[in-house]
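Listed below, chain by chain, are the residues.
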Amino acid sequence: MRRCFVCAADMLGPSDRHLIYPGGQRRTFSLACGSCGVLLAAGADPEACRMHLARSLSEPLFVSDPAAAYGLDLYTLRSAATGRRLGTRPLDEAGRTELRHPHGTRAARAALFALEPSGGCPVSLGLLCRPAERDEVLAALPVHGGWADDVAILIDGPAMAAVPMPVAGFAEGAVRVAARPLDGDFAAQRNALQGLARHGWILQLDADEVLSPEAGRLLPALAAIAEAQGVASIGLARANRVDGVLSDVFPDVQYRLNRTGLRYAGRVHERPVLDGGWPESFIALHGLIEHRLSGAHVRARSRRYEALDPGRGRPEEEIALLRPYAD
């Protein structure tokens, strides 16, 4: 087994973690996913684990099965449930504490509920682009009209304050366009875009990325879970398609759904700064950010990033991005 059966990450490694089940049974697992945190017994059949988890998530109350070939704590269950478009609710104060201090030793138990498109926390949409991409970005906006009522577009160019832009399907003033020079600092550009949002949460996309309307409509529900559980940043899986072919760099989690007060750091490969560390984030598996790249862009990107921020350009990622996806 190469990839995690929950999140598809190629990050399975040896583990000595254990879980304690409601009856007091203790079980140690030999493998763990370095992305979502799911635990696996030696020789576990990923398809059998996937089917067992799906059955367990079909009940209103999730109760960990000590006989299953996998295990998860409440933090990991929260992500796994989003893959079935479900939310989790801790049953007690101990569960709420576990979400703030993962990964715990108590096997997951939680109430489950459907993620609904209505309600939740309003989410702004923010888009970064170059001047030549502006018209294409504006033309593509109606696909987001079903969930976004506040859109900020930030162009890499001479500084310009935000101005309203009429777009079919959006209320007057809902879409605004601003500009500032990128100047080789991606974190600073994302931080400027954060500041343009009118809602408490924002989803950021680049001009060559798209999120399906179905996935977009559930963002407010995910933001509401985050608000209730002390989370400031949510990672979404990204599918890199190089010349139309899915890359082996998958799920390439991008932390793009954030509280607007959060700030990024890093001139390249920027990431959110979380005061309480990674436990203030989680990965949602309800949909993919589709990322379109050309092979020529991939070959040039790492060298450009390395020049902008020596030692952090990830030149080794070029080979992986150009390699087709494999299970």
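Presented here is an overview of the structure given in this document. (Residues numbered from 1 in each chain as written. Predicted model: local features only at pLDDT ≥ 70, side-chain atom pairs only at ≥ 80, totals over all residues. Heavy atoms only, no water.)

## Quick notes on the side chain of histidine 291
Next up, step 1: Its location among the elements puts histidine 291 in strand S21 (residues 281-293).
Next up, step 2: With a relative accessible area of 4%, histidine 291 lands in the buried category.
Next up, step 3: Excluding anything up to four places from it in sequence, histidine 291 contacts Asp208, Glu209, Arg238, Ala239, Asn240 and Arg241. (Helix = DSSP H or I, 4+ residues; strand = E, 2+ residues; numbered from the N terminus. Buried < 20%, exposed > 50% of the residue type's maximum accessible area, 1.4 Å probe, protein only. Contact = heavy atoms within 4.5 Å.)

## Description of a nonpolar patch on the surface
Next up, step 1: A surface patch of nonpolar side chains, about 220 Å² in accessible area, is lined by Leu61, Val63 and Leu91.
Next up, step 2: Along the chain, the position of leucine 61 falls in strand S6 (residues 61-63). (Patch = residues over 30% accessible without salt bridge, like charges linked within 9 Å, V, L, I, M, F, W, Y side chains within 5 Å. Areas by Shrake-Rupley, 256 points an atom, 1.4 Å probe, with all protein chains shown as cover. Salt bridge = Lys/Arg side-chain N within 4 Å of Asp/Glu carboxyl O.)

## Some remarks on the nonpolar core
Next up, step 1: Ranked by internal contacts, the top residues of the largest apolar core, which has 70 residues, are Leu141, Ile153, Leu203 and Ile234.
Next up, step 2: Looking at this core element by element, the count peaks at 6 residues for helix H7 (residues 219-228).
Next up, step 3: With 7 residues, the next largest nonpolar core counts Ala152, Leu154, Ala197 and Ile202 among its residues. (Core = buried A, V, L, I, M, F, W, Y, C linked by side-chain atoms within 4.5 Å.)

## Section: the side chain of glutamine 254
Next up, step 1: Here glutamine 254 is to be found in strand S18 (residues 254-259).
Next up, step 2: On the basis of relative accessible area, glutamine 254 is assigned to the buried category, the value being 17%.
Next up, step 3: Excluding its chain neighbours within four sequence positions, the residues that come into contact with glutamine 254 are Ile234, Gly235, Leu236 and Arg238.

## Section: the pairing of S21
Next up, step 1: When you tally the buried positions in S21, you get 10 out of 13 residues, the bulk of the element.
Next up, step 2: With 3 bridges connecting them, strand S15 (residues 209-211) and S21 associate as antiparallel partners. Across the sheet, the residue bridging to glutamate 209 is histidine 291, located in S21.
Next up, step 3: With 10 bridges joining them, strand S16 (residues 233-242) and S21 adopt parallel strand pairing. Its bridge partner being in S21, glycine 235 is matched across the sheet by isoleucine 283. (Pairing = 2+ DSSP bridges.)

Honestly, it's all geometry; don't read function into it.
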